[in-house]
Structure formats: structure tokens, C-alpha cells
Amino acid sequence: MKADKSALSILGGPPAFAEPLHVGRPNVGDRSRLLQRIEAMLDRRWLSNQGPLVSEFEERIAAYVGAKHCIAMCNATVALEIAIRALGLTGEVIVPAFTFIATAHALQWQEITPVFCDIDPNTHTLDPEWVRRMITPRTSGIIGVHVWGRACPIDALTEIADENGLSLLFDAAHAFGASYRGRMIGGFGAAEVFSFHATKFINCGEGGAVVTNDDCLAEKMRLMRNFGFSGLDQVTYIGTNGKMPELSAAMGLTTFESRDEFVATNERNYRAYAAELASIPGLSLITYDPAERCNFQYALVEVDAAAAGLSRDELADVLWAENVRARRYFYPGCHRMEPYASLFPHASLVLRATEAVAGRVLLLPTGTAVGLDEIREICQILRLATGSAGDVRRALESRRQVPVERRKVA
Ligand code: T4K
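Residues numbered from 1 in each chain as written. Predicted model: local features only at pLDDT ≥ 70, side-chain atom pairs only at ≥ 80, totals over all residues. Heavy atoms only, no water.

**Let's talk about empty space enclosed by the protein**
No. 1: Scanning the model with the defined rule gives one cavity of 30 Å³ or more in all.
No. 2: Estimated volume of the largest cavity: approximately 40 Å³.
No. 3: Every residue lining the largest cavity is listed: A173, H174, A175, F176, S195, K200, F201, I202, N295, Q297 and Y298.
No. 4: Residues belonging to the lining of the largest cavity are distributed by class as follows: six nonpolar, four polar and one charged.
No. 5: Mapping the lining of the largest cavity onto the domain boundaries places at least three of its residues in each of domain 1 (5-26 + 259-326 + 365-409) and domain 2 (31-257). (1 Å grid on protein atoms, 1.4 Å probe; cavity = no way out; pocket = protein on both sides within 12 Å on 5 of 7 lines; lining within 4 Å. Points joined across faces, edges and corners; volume = space filled by probe spheres on them. Nonpolar A, V, L, I, M, F, W, Y, C, P; charged D, E, K, R; others polar. Domains from an automatic or database assignment.)

**A word on the pairing of strand β2 (residues 69-73)**
No. 1: In terms of residue burial, β2 counts as a mostly covered element, since five of its five residues are buried.
No. 2: Alternating residues of β2 divide into H69, I71 and M73 and C70 and A72, and every residue in both groups is buried.
No. 3: Here β2 pairs with strand β10 (residues 208-212) via five bridges, running antiparallel. Counterpart to H69 in the pairing with β10 is T212. (Buried < 20%, exposed > 50% of the residue type's maximum accessible area, 1.4 Å probe, protein only. Helix = DSSP H or I, 4+ residues; strand = E, 2+ residues; numbered from the N terminus. Pairing = 2+ DSSP bridges.)

**A closer look at the site of the ligand**
No. 1: The local shell around the ligand holds 25 residues, among which T77, D171, S195, R327 and Y329 are the closest.
No. 2: The separation between an oxygen atom of the ligand and a polar side-chain atom of T77 is 2.6 Å.
No. 3: Contacts to the ligand include S195, whose side-chain N or O atom sits 2.8 Å from an oxygen atom.
No. 4: Of the pockets mapped on this structure, the ligand occupies the largest pocket.
No. 5: Of all the secondary-structure elements, those providing two or more residues to the shell around the ligand are α3 (76-86) and α4 (101-108).
No. 6: Residue composition of the shell around the ligand, by class: ten nonpolar, eleven polar and four charged.
No. 7: Structurally, the shell around the ligand is a two-domain feature, drawing no fewer than three residues from each of domain 1 (5-26 + 259-326 + 365-409) and domain 2 (31-257). (Near = heavy atom within 4 Å. Polar contact = N/O pair within 3.5 Å; in protein donor to acceptor, adjacent residues only side chain to side chain. Sits in = over half its atoms within 2 Å of the grid points.)

**Quick look at the sheet that holds strand β3 (residues 92-96)**
No. 1: With respect to topology, seven strands assemble into an open sheet ordered β2-β10-β9-β6-β5-β3-β4, the strand pairing being mixed. In this open sheet, the two strands that pair with only one neighbour each are β2 and β4 (113-117). Between one strand and the next, the sheet's axes are offset by a mean angle of 25°, whatever the strand orientation.
No. 2: Pairing of strand β9 (residues 191-195) with β10 involves four bridges; the strand directions are antiparallel. Paired with E192 across the bridge in β10 is V211.
No. 3: Sheet contacts for α4: β3, β4, β5 (139-145) and β6 (167-171); angle to β4, the most-contacted strand, approximately 145°.
No. 4: Here helix α6 (residues 154-164) sits on the sheet and contacts β5 and β6; the angle it forms with β6, its principal contact strand, is near 150°. (Axes fitted to C-alpha atoms, helices over the stretch in contact; angles between N-to-C directions. Contact = heavy atoms within 4.5 Å.)

**Points about helix α8 (residues 246-257)**
No. 1: When the terminal C-alpha atoms of α8 are compared, their 16 Å separation across twelve residues agrees well with the 16 Å that a helix rising 1.5 Å per residue should span.
No. 2: Counting buried positions along α8 gives ten out of twelve residues, so the element sits mostly inside the fold.
No. 3: Those residues of α8 that fall on the buried side of the exposure criterion are E246, S248, A249, A250, M251, G252, L253, T254, T255 and F256. (Expected span 1.5 Å × (residues − 1).)

**Remarks on the domain arrangement of the protein**
No. 1: Entries for the protein in the domain assignment read domain 1 (5-26 + 259-326 + 365-409) and domain 2 (31-257).
No. 2: One C-alpha centre belongs to domain 1, the other to domain 2, and the line joining them spans 31 Å.
No. 3: The interface is formed by 17 residues belonging to domain 1 together with 23 residues belonging to domain 2.
No. 4: Surface buried jointly by domain 1 and domain 2 totals about 1800 Å² across both partners, of which 53% is contributed by carbon and sulfur atoms. (Buried area = accessible area lost by both parts, 1.4 Å probe.)

**Thoughts on the packing of α3 against α4**
No. 1: Interaxial distance between α3 and α4 falls to 9 Å at its minimum, and their mutual angle equals 40°. Between α3 and α4, the angle is such that the two are oblique. Note on packing geometry: the crossing formed by α3 with α4 is right-handed. Taken together, the residues of α4 that come into contact with α3 (itself represented by T77, L80, E81 and I84) are A102, T103, A106 and L107.
No. 2: The residue inventory of the contact of α3 with α4, partitioned by class, reads five nonpolar, two polar and one charged. (Parallel < 35°, antiparallel > 145°, perpendicular 65-115°, else oblique. Left-handed = near helix turned anticlockwise from the far one by under 90°.)

**Brief notes about the layout of surface pockets**
No. 1: The volume enclosed by the largest pocket comes to roughly 1100 Å³.
No. 2: If you go around the largest pocket, you meet 49 residues; those closest to its centre are V23, F100, R327, R328 and Y329.
No. 3: Put simply, the parts of the chain that give the lining of the largest pocket at least two residues each are α3, α4, α11 (312-321), β16 (361-364) and α16 (389-400).
No. 4: Considering each element in turn, the lining of the largest pocket owes the most residues, four residues, to α11.

Laid out in C-alpha cells, this is it:
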């Protein structure tokens, strides 16, 4: 463990980690079960198009979240696109700007305008009061995002959607295994979309799913994900190829079976971060409601630059120099990325909380690939850096003056 400030890589010491320490290192689960599934899949010679592994995955996910239907897809972005299309959304749809770009792109890809709405700075999810203000005659729906696995204010959003005749969809990419008022995420709104990307709590390598209790919507989405085929030679809708392959389902089932172990490791890591960070001024770990179920997949720190002595970006630079690949999700916000920055050049004037939150959060490595010693070392780096903020800032400034190609990059 680094003993004093001179050991910080930014101040001339060697990097703390020889190999990059990533956020989002995938959870793997029981390798032998995975390999058995793959062997059986190869023996069957059934690799895609609703094979038995995908069907089993769908049944298990639907049962776990308590939804009537689960429609597995190749990823959550396509799942969002299909859900949006199947719901018949048009015109404008209200979404947070503080989300992964896929939420906005899934709309714009279909020439539906994402109307960026501000968030509650405490929860990072849609602010219902702002949602009400953003409704126009062209609004057809609302997409809430359960960022970091913390549920949106679902009751308030449901009320607003019902009062205004809007469809309500949830991007639950982060929220598999989480609950809201005791009910599992997956059963709210018209539908909810999970991501099973490699970086997610349960992963398929690449994968996603829409869950819904609506029989008609489910049927429509099943057709749409398979080119619109309703029979061997019969196409009923315009569709796409959104199918999940068997290989992805093999990974999904295997990681699903290890979910309790993953949550336990994530929670252990979360508590270790919380204990270490408690003594560092200006750094606070986001909290999860102890009354709800949660996957603890995200160890997100909020940086109060005035109290810490260093900004979020400076701390990110310090960590990267140590080979800790902390991430600034979702900086700078969808509204500052193209095509939205050109379409809505003044959006940042309205999105005050989004701007503030996007400027102060830093995601730290966690998951089953990260151990307690690594967490202690990361926190020690943060402790030393904030304790020597002046030296660190000067070192960062002089580093910035060196051309990128001559910098000693960790
Ligand atoms: N809605 C929300 C709210 C989302 O957060 C996402 C995706 C979506 C919708 C769309 O879901 P999908 O269509 O992806 O199913 C990553 C993920 O690719 C993306 O799934 C995720 N959210 C987003 C938050 O993070 P990038 O562009 O930041 O990925 P990248 O390559 O920088 O990797 C992230 C970190 O994970 C790195 O430190 C490397 C590490 N990593 C990654 C992979 C793939 C590994 O260690 N091993 C791996 O196999 O988007």
C-alpha cells in the first residue's frame, strides 16, 4: 500500500497496479456449468432462433422478476428500440439526459425526438416535477432510467403518464435484481428493458430483454425481434433481427445462477469502499435504500471539489496514472453529445442537476474481479491525493503541458 504522497504515481512513484483495474470487469460464474451448456448446445447443433437455452433464460428471468413475459434480445439497445416501436411511440418522448447514450439513440434512431428532462440531484433519476413541465401535445411517452440500479420514482411517473395518456417505459439496464417498494423491477410501466451486457450484474456477453405483463405487447415484440415472421412463410410486421443467440443465453443462465454470490461480493466491496471513504473529506459513496433489494453493482463516488481540494476530473487523472480506470459515467450527459448538442444547443441551461451530477460522479472498480486489498489501495490513493491537493494539482498542470505522446502513461 502506498505509504505517503511521494508514492503517488502522479508525483513520481510507480503505478499501484501493473495491470489496468477496470470498472465493469465481467462476473463469470461457474465455468464448468457454462462449458457443459456450450457442449450440449454444440451437440444439439441449435445455435440461434429461439433455442432451448434462450427459452429457459426467458422463463427464469420472467419468474424471477415476477413478470408474465420476458423477450430476450441481442442487447438492450435493440430491446429498447423494439419496445419503443411496439408501444407505437411517436413525436416526442421524455428521457433523462443523465443516462447512457443508448437510451436517447433508441428514440432518435426511429426519428422520435428525445426531450431531455432534468433529474433529482439526490437520486440521479427523473424528477417528476420536471417531467410534467416537459409535456407538450407531441409527447407520446416517458422513459425512466433506473440509474445505478436505484428505482425511478415509479409511482409519481405512473400517475403523470396515466393523467396525460402517455406510455411509460423503463430502461432498467442497471437494475436487474433490484426492487421498488418491495416488488422486483421488471413489473412496472408498460414494459421494462434489462441489459445483460458483459459489464452488467448478470451478463450474456451481449444481451438484453424486455419484460412486460402485457400479452399483446409481448406478442408484437416477439414478432418484431424475428423480422416480423409469424409463420414459416408469413410476415406480419416490419421487424428486425433482435434475437439472442444460444451462446449468450448459456452465459446468461450461468451468471444468473450465481447471482447471490455476485450480490454478496458487490455488497462486501461496497461496504469496504464506504468504510474507507468515510474518512476522506469531500468524497461520498452513493447510498442504496436498505429496505429494497439491490445488486450493489455500482460503486459510485460523488466528489465535492471544494471539500476534497481536488475536482472529480483531477481525481480521475490521479487514478488513471495508477492504472485504475475509474469512469465518469454519464459525463457530459446525452444533451452534450451529437446529434443532440447541435439539435438542442441550449439544453444545458435547463438541465442544471444533470450538469452538476455529471460533473461530480466517478465510478470505481467493483465486482467479483476486485478484491478488498485493491479497494483499500484505491482509497489510500484517494486519501493521499486529497491530503496533498496542492502538490497533486501542480503535478497535473505541468503534466498537461507535456505533449501527450511524451507523457509516461500508466
Ligand atoms: N441503458 C443504460 C442506462 C445503459 O447503461 C446501457 C449500457 C444501455 C441502455 C444499453 O445496453 P446494451 O445495449 O449495452 O446492452 C459500457 C457498456 O458497453 C454498456 O453496456 C453500458 N450501458 C455502459 C454504461 O458501459 P462503454 O462504452 O463505457 O464500454 P467500455 O468498452 O468502455 O467498457 C466499460 C468498462 O468495462 C471498461 O473499463 C472495460 C471493462 N470491460 C468491458 C468489457 C466489454 C471489461 O473489463 N471486460 C469486458 O468484456 O459502455
